[in-house]
Number of protein chains: 2
Amino acid sequence: MGIHRLTLSDVLAEHRRSRPHETAVVDGSVRLTYPQLDTRVTKLANALAAQGVGPGDRVLWLGQNSYRVLELLLAAARLGAVFCPANWRQSADELAYVLDDLGPRVVAFEPSDAVAGARESRTAAHWVEDYEAFVAGGSDAEVPDDKDDRDPVLALYTAAFDGRPNAALLSHEALIAHSAALLQVRQVEPGFTFLNCGPLFHVGTMMFCLTTFLSGGKNVFTPAFDAEEVCRLIDAERCTQAFLFGQMIDALVAANAGGKYDLSSLRFVSHSPEWDAMITVDDSPWCSSKMGGYGQTEVGGMLTFLGLAPGAAGYAGRPSPFVQVRLLDAEGREVPDGEVGEICARGKSLFSGYHDRPELNARKSAGGWHHTGDLGRREPDGTLTFIGPKLRMIKSGNENIYPAEVERALKTHPAVADAAVIGVPDERWKQAVKAIVVLAEGRTATAEEIVEHVRGAIASYKKPRHVEFAGELPKKGFTPDYDALDARYGGGAYPGS
Amino acid sequence: MGIHRLTLSDVLAEHRRSRPHETAVVDGSVRLTYPQLDTRVTKLANALAAQGVGPGDRVLWLGQNSYRVLELLLAAARLGAVFCPANWRQSADELAYVLDDLGPRVVAFEPSDAVAGARESRTAAHWVEDYEAFVAGGSDAEVPDDKDDRDPVLALYTAAFDGRPNAALLSHEALIAHSAALLQVRQVEPGFTFLNCGPLFHVGTMMFCLTTFLSGGKNVFTPAFDAEEVCRLIDAERCTQAFLFGQMIDALVAANAGGKYDLSSLRFVSHSPEWDAMITVDDSPWCSSKMGGYGQTEVGGMLTFLGLAPGAAGYAGRPSPFVQVRLLDAEGREVPDGEVGEICARGKSLFSGYHDRPELNARKSAGGWHHTGDLGRREPDGTLTFIGPKLRMIKSGNENIYPAEVERALKTHPAVADAAVIGVPDERWKQAVKAIVVLAEGRTATAEEIVEHVRGAIASYKKPRHVEFAGELPKKGFTPDYDALDARYGGGAYPGS
């Protein structure tokens, strides 16, 4: 029937009709109503088309947060193209990788040394020097609204499985379905105003930017987090939501100690008595559950919400209404409740695979379920607990053992400050579990005590056969550096290796 | 990738996993958790399949409200089939028409004279005499979850354009998208409990039944509206929402005058001081706007919501986030703001056409937009006003004039109690507007005064050239009987006639 289509470009066209006076975008001195945004997006789309951008082509943004991110996304949507806001903080080398990997036809950017370095070696794309002149140069001709909402429209780099990131592709349909979940869980109402003060190349900010857009609300942009400026913007624009976490909130409380700014429009998570007195503590499922849940870029943002499962045993809560979740073993079978399996998902908000990674995509969607690469456990009340990244698996006898699960059990011992688990070659079992343990200051425990503790917490076959104590663990970001641990503590004989 | 599918059957399978102890269905002594419902739906699906029901086949329910309606819908969903709950109040003749038109493979029913009469003459289908025995006879074998969520799963009879109703087909995707809008606008939270006390063959009750199901909430069924029983059920099941309107609410207030039942769990629309004291007045957009908006079966229920446009000039408010709305003229062009046009829509919640009506479907979806057959006007703030059914058009000179718009203007005259507008043949303009006016008791007005009044309210060319006064108007339900009016007052020369 052709009457079911709904692209992000269509959403903008609808807002133009039904919200002629509503503000869509605020960024410094830039202030656009929905009709103004729609007009600019058409000009931008025509300017991009004049540079050869058509369906499936990529458009790249290298810069800080800006209304331009939303404009470029919507212009790409209008053309059936794919927009990528990349991490502008990366090195010239990393940016050059993105340019090679994504192969954008047009790059819009804010000048920096790294961008200049990357540009030097990659000249195939059209580089937009003067964004406003570029928009102004586009024609006003109407762009046909015949694009398929199942096609990708947004690419976000994530998931550096092999040291290099992959661009997750999200369709119009997936982004709208994910936004639908947030509309419910955050109880978005007319007039919703979101302050984009987290990075837009990250799904955590982008997902609320898009939800706000879908609801016909107001997106306020600020280049990066600055406590004083964030307070000023919340006050001036009567923001109802912002991208904020613990230390950022503390910084806002400090910046607004004298009550200079009125932050009462912000309906947000309770944090501290000072904070709660400044804002309006929100009782939507999203805020009252302190934004608990499980997510990743590949599912559009959040897959499960604690707010959909008040009183849940598992902190990840329950799935969004638009997805299914199963916990699968290495053979693709559902694991029994209470056992750890890989979190696998299916549904409307899921991504369309990674750009230009056919083999990885086939592996990630084996059996018709997206394999998140993360481990979870289903609790007796049906809710989910996120265990940790799957990363690697130890195979001892015929049993699959995930280091993250054993590490979690180790860390519940009061004397254990930190722990990592590797597999070491074993004559009888092929592999055996080895724990490297950092004791808490002033605490003692024997290897036997620690093994007994783990045996009491999870299935016996998962307990360490070897325990070594260390002063600290090598890390890669927040996770143990398993390659370094293997080298230092004799790891090896992993399945498939 | 095959990972985006989400059928109603998938939703049930997910609830089985993530809501093992939650109650899905209550109906008299029947009480089912989600796993119990899932098990029964599998048995029912296998029993239907044993009667030859496969993808695209129809299953019919002829009976009052019951948990069986939801079970049959979900079993059809599991098989890729289409379920239709028909109006069981119809005559034997009307039911025979539905049987002929829909051609169901299986009919489940509650005995009545009309059903017996219809059955006598239509014996091709398998008639389920004993529902529980039929379910019990189905196997427990897993049904493959490979159905397409864009296929129709629900058929609701509506839209009797030519005197006979048509079955609007709604896909899994459309029903889920429509539910998504209600999840937001009604602010559905965990534990949502809906009392199905309106007819489930009508979209107004069905849409909340499905939204409740999607949210993993509890659906309570009662055969039909009975004030005392509704009070009892709200109290006993702690219902949060029910299908209720003005006079039904008054009946509940009367039935609960002594405060016998605790209705405080009900979060509903404010109505009267007595009612407001019994329930919890809800401040969600849906309830605080008194459920205003515009809808029809063909859009899944509601197309626009007043709750999405607080303070709107147009009582229909703004579209759901998952649809677009345009007001089109007879040539498919958008009419200017302030002018009346046909409400046309596109988006995720729209139906998939009528069962077995290829020509009508082509006409209704001309140009890639669903033509609702209703008239609307866009107000200066972008919101929508519902004018009335299009029904027929008068063409005077080159101008299109819709009777509903002129009637609306006539009725704003203080002396006019009722009014209908027809087109009469006119030598110069081909057609001219004629108003038949019923004056309010004790009021007087001349034809000239009334014409002047209309001229002040809408475009001058739409004003009546002729006015006749009548004691009453012939009606068909709530709308004027235009054929009778044409015969009595000289109507004719309509475009296309």
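What counts, and where the lines are drawn
- Residues numbered from 1 in each chain as written.
- Chains lettered and ligands numbered in written order.
- Predicted model: local features only at pLDDT ≥ 70, side-chain atom pairs only at ≥ 80, totals over all residues.
- Heavy atoms only, no water.
- Helix = DSSP H or I, 4+ residues; strand = E, 2+ residues; numbered from the N terminus.
- Buried < 20%, exposed > 50% of the residue type's maximum accessible area, 1.4 Å probe, protein only.
- Lys, Arg positive; Asp, Glu negative; His and termini not counted.
- Salt bridge = Lys/Arg side-chain N within 4 Å of Asp/Glu carboxyl O.
- Contact = heavy atoms within 4.5 Å.
- Phe/Tyr/Trp six-rings, centres within 6.5 Å; stacked < 30°, edge-to-face > 60°.
- Buried area = accessible area lost by both parts, 1.4 Å probe.
- Polar contact = N/O pair within 3.5 Å; in protein donor to acceptor, adjacent residues only side chain to side chain.
- Nonpolar A, V, L, I, M, F, W, Y, C, P; charged D, E, K, R; others polar.
- Pairing = 2+ DSSP bridges.
- Axes fitted to C-alpha atoms, helices over the stretch in contact; angles between N-to-C directions.
- Disulfide = S-S within 2.5 Å.
- Least-squares fit on C-alpha atoms with pLDDT ≥ 70 in both.
- Expected span 1.5 Å × (residues − 1).
- Right-handed = clockwise from strand over helix to strand, strands pointing away.
- UniProt positions renumbered as here; feature names shortened; annotations may be inferred.
- Domains from an automatic or database assignment.
- Parallel < 35°, antiparallel > 145°, perpendicular 65-115°, else oblique.

1. Notes on the side chain of Asp381 of chain A
Right, so step 1: Following the sequence through the fold, Asp381 of chain A ends up in the loop between β19 (370-378) and β20 (384-389).
Right, so step 2: Arg318 of chain A provides the closest opposite charge to the buried, salt-bridge-free Asp381 of chain A, at an N-O distance of 5.3 Å.
Right, so step 3: Setting aside chain neighbours within four positions, we find Asp381 of chain A in contact with Gly311, Ala312, Ala313 and Arg318 of chain A together with Ser18, Pro20 and His21 of chain B.

2. Some points on the packing of aromatic side chains
Right, so step 1: Under the criterion given, the structure shown has 20 aromatic pairs over all chains.
Right, so step 2: Plain terms: the ring middles of Phe243 of chain B and Phe245 of chain B are 5.4 Å apart, the flat faces sit at 75° to each other, and that makes the pair edge-to-face.
Right, so step 3: Here Phe245 of chain B falls in the partly exposed class, since its relative accessible area comes to 44%.
Right, so step 4: The structure contains a cluster of three or more aromatic residues connected by ring pairs, namely Phe194, Phe208, Trp286 and Phe305 of chain A.

3. Structural notes on the interface of chain B and chain A
Accessible area lost on assembly of the parts is the figure often given for the size of an interface.
Right, so step 1: The partner chain A presents 59 residues to the 59 residues of chain B that form the contact.
Right, so step 2: At the boundary of chain B with chain A, total buried surface from both sides reaches about 5000 Å², with 51% on carbon and sulfur atoms.
Right, so step 3: The tally of links from chain B across to chain A stands at 14 salt bridges.
Right, so step 4: Our count for the contact surface shared by chain B and chain A stands at 28 residue pairs in polar contact (both at pLDDT 80 or more).
Right, so step 5: The set of elements that each furnish at least two residues to the side of chain B that touches chain A consists of α1 (8-18), α7 (172-185), β16 (318-319), β17 (323-328), β18 (340-347) and β19 (370-378) of chain B.
Right, so step 6: Of the residues in the side of chain B that touches chain A, the class split is 24 nonpolar, 17 polar and 18 charged.

4. Notes on the pattern of salt bridges
Right, so step 1: Per the counting criterion, the structure on display carries 72 salt bridges over all chains.
Right, so step 2: Across the pair Asp101 of chain A and Arg357 of chain A runs a salt bridge whose closest N-O atoms are separated by 2.9 Å. Within this pair, whereas Asp101 of chain A is found in helix α4 (residues 92-102), its partner Arg357 of chain A is found in the loop between β18 (340-347) and α13 (358-364), the two being separated by 256 residues in sequence.
Right, so step 3: Given the relative accessible area of 12%, Asp101 of chain A is considered buried.
Right, so step 4: A salt bridge links Arg105 of chain B to Asp57 of chain B, with the shortest nitrogen-to-oxygen separation between them at 3.0 Å. Linking Arg105 of chain B in the loop between α4 (92-102) and β5 (106-109) with Asp57 of chain B in the loop between α2 (34-50) and β3 (58-62), this pair joins segments that are 48 residues apart in sequence.
Right, so step 5: Accessibility expressed as a relative area gives 41% for Arg105 of chain B, which makes it partly exposed.
Right, so step 6: Taken together, the shared-partner salt bridges connect Asp149, Arg150, Glu173 and Lys348 of chain A together with Asp149, Arg150, Glu173 and Lys348 of chain B into one network.

5. Things to note about the sheet that holds strand β24 (residues 430-439) of chain B
Residues and elements named next belong to chain B.
Right, so step 1: Reading across the sheet, the three strands line up as β23-β24-β25 and stay open at both edges, with mixed pairing between neighbours. Of all strands in the sheet, those bounded by a partner on one side alone are β23 (416-426) and β25 (466-469). For this sheet, the mean inter-axis angle between neighbouring strands, taken without regard to orientation, is 25°.
Right, so step 2: By the bridge criterion, four bridges tie β24 to β25 in an arrangement that is parallel. Its bridge partner being in β25, Lys434 is matched across the sheet by His466.
Right, so step 3: Where helix α14 (residues 403-411) meets the sheet, its contacts fall on β23 and β24, and the angle it forms with β23 comes to roughly 140°.

6. Structural notes on the state of the cysteines
Right, so step 1: For the structure shown, the criterion picks out zero disulfides over all chains.
Right, so step 2: Looking at Cys197 of chain A, it has no disulfide partner, and the nearest cysteine sulfur is the one in Cys239 of chain A, 8.5 Å off.
Right, so step 3: A residue is classified by how much of its surface remains accessible, and Cys197 of chain A, at 3% relative accessible area, is buried.
Right, so step 4: Just so you know, Cys209 of chain B is unpaired, no disulfide at all, and the nearest cysteine sulfur is the one on Cys197 of chain B, 12 Å from it.

7. Some remarks on the relation of the copies chain B and chain A
What relates the two chain copies is a rotation about an axis together with a slide along it.
Right, so step 1: Laying chain B over chain A is done by rotating through 180° and shifting 0.0 Å along the axis; what remains is an RMSD of 0.1 Å. These values place the two chain copies in the arrangement generated by a two-fold rotation axis. For chain B, the minimum C-alpha distance to the rotation axis belongs to Gln184 of chain B and amounts to 2.3 Å.
Right, so step 2: The residues that chain B uses at the interface reappear at the interface of chain A in 100% of cases, marking a shared surface.

8. Some points on helix α3 (residues 67-79) of chain B
Residues and elements named next belong to chain B.
Right, so step 1: Its 13 residues give α3 an end-to-end C-alpha distance of 19 Å, which sits within 8% of 18 Å, the value for a rise of 1.5 Å per residue.
Right, so step 2: In terms of burial, α3 is a largely internal element, 13 of the 13 residues being buried.
Right, so step 3: One or two residues past the end of α3 sits Gly80, with phi positive at roughly 80°.

9. Topic: the pairing of strand β9 (residues 193-196) of chain A
Residues and elements named next belong to chain A.
Right, so step 1: Of the two faces of β9, the one holding Thr193 and Leu195 and the one holding Phe194 and Asn196 are both buried throughout.
Right, so step 2: Pairing analysis gives four bridges linking β9 to strand β10 (residues 218-221), with the strands arranged parallel. By the bridge assignment, Asn196 is partnered in β10 with Phe221.
Right, so step 3: As a crossover connection, the stretch from β9 through helix α8 (residues 203-214) into β10 is right-handed.
Right, so step 4: Direction of pairing for β9 relative to strand β11 (residues 241-242): parallel, over a ladder of two bridges.

10. Section: the sheet that holds strand β23 (residues 416-426) of chain A
Residue and element names in this part refer to chain A.
Right, so step 1: The strand order across the open sheet formed by three strands is β23-β24-β25, and the pairing between neighbours is mixed. At either end of the open sheet lies a strand with only one pairing partner, and these are β23 and β25 (466-469). Geometrically, the sheet is characterised by an average inter-axis angle of 25° between neighbouring strands, direction not taken into account.
Right, so step 2: Seen against the sheet, helix α15 (residues 447-457) touches β23, β24 (430-439) and β25 and runs at an angle of roughly 125° to β25.
Right, so step 3: Of the strands in this sheet, β23, β24 and β25 touch helix α16 (residues 482-489), which is tilted by about 65° from β23.

11. Details of the UniProt feature "domain: AMP-binding enzyme C-terminal" (unreviewed entry) in chain A
Right, so step 1: The feature "domain: AMP-binding enzyme C-terminal" (unreviewed entry), as given by UniProt, occupies residues 405-476 of chain A in the numbering adopted here.
Right, so step 2: Here residues 405-476 of chain A runs as 25% helix and 38% strand, with 18 Å between its end C-alpha atoms.

12. Examining the domain arrangement of chain A
Right, so step 1: Once the domains are mapped, chain A shows domain 1 (8-224), domain 2 (307-389) and domain 3 (397-489).
Right, so step 2: Averaged C-alpha coordinates put domain 1 of chain A and domain 3 of chain A at centres separated by 44 Å.

13. Let's talk about the environment of Ala47 of chain A
Residue and element names in this part refer to chain A.
Right, so step 1: Here Ala47 lies in helix α2 (residues 34-50).
Right, so step 2: In this structure, the C-alpha to C-alpha distance between Ala47 and Ala257, residues 210 residues apart in sequence, is 47 Å.
Right, so step 3: In contact with Ala47, other than residues within four places in its own chain, are Phe134 and Gly138.

14. With respect to the environment of Pro190 of chain A
Right, so step 1: Looking at where Pro190 of chain A falls in the secondary structure, it is placed in the loop between α7 (172-185) and β9.
Right, so step 2: Since its relative accessible area comes to 31%, Pro190 of chain A is described here as partly exposed.
Right, so step 3: Once the C-alpha coordinates of Pro190 of chain A and Pro358 of chain A are considered, the two residues, 168 residues apart in sequence, prove to be 41 Å apart.
Right, so step 4: Setting aside residues up to four positions removed in sequence, Pro190 of chain A forms contacts with Gly307, Leu308, Ala309 and Pro310 of chain B.

15. Points about the packing of α1 of chain B against α3 of chain B
Residues and elements named next belong to chain B.
Right, so step 1: Relative orientation of the contacting elements α1 and α3 amounts to 110°, with a least axis distance of 7 Å. Considering their axes alone, α1 and α3 lie roughly perpendicular with respect to each other. Contacts between α1 and α3 involve Leu8, Ser9, Leu12 and Ala13 from the first element and Leu73, Leu74, Ala77 and Arg78 from the second.
Right, so step 2: In terms of residue class, the contact of α1 with α3 is built from six nonpolar, one polar and one charged.

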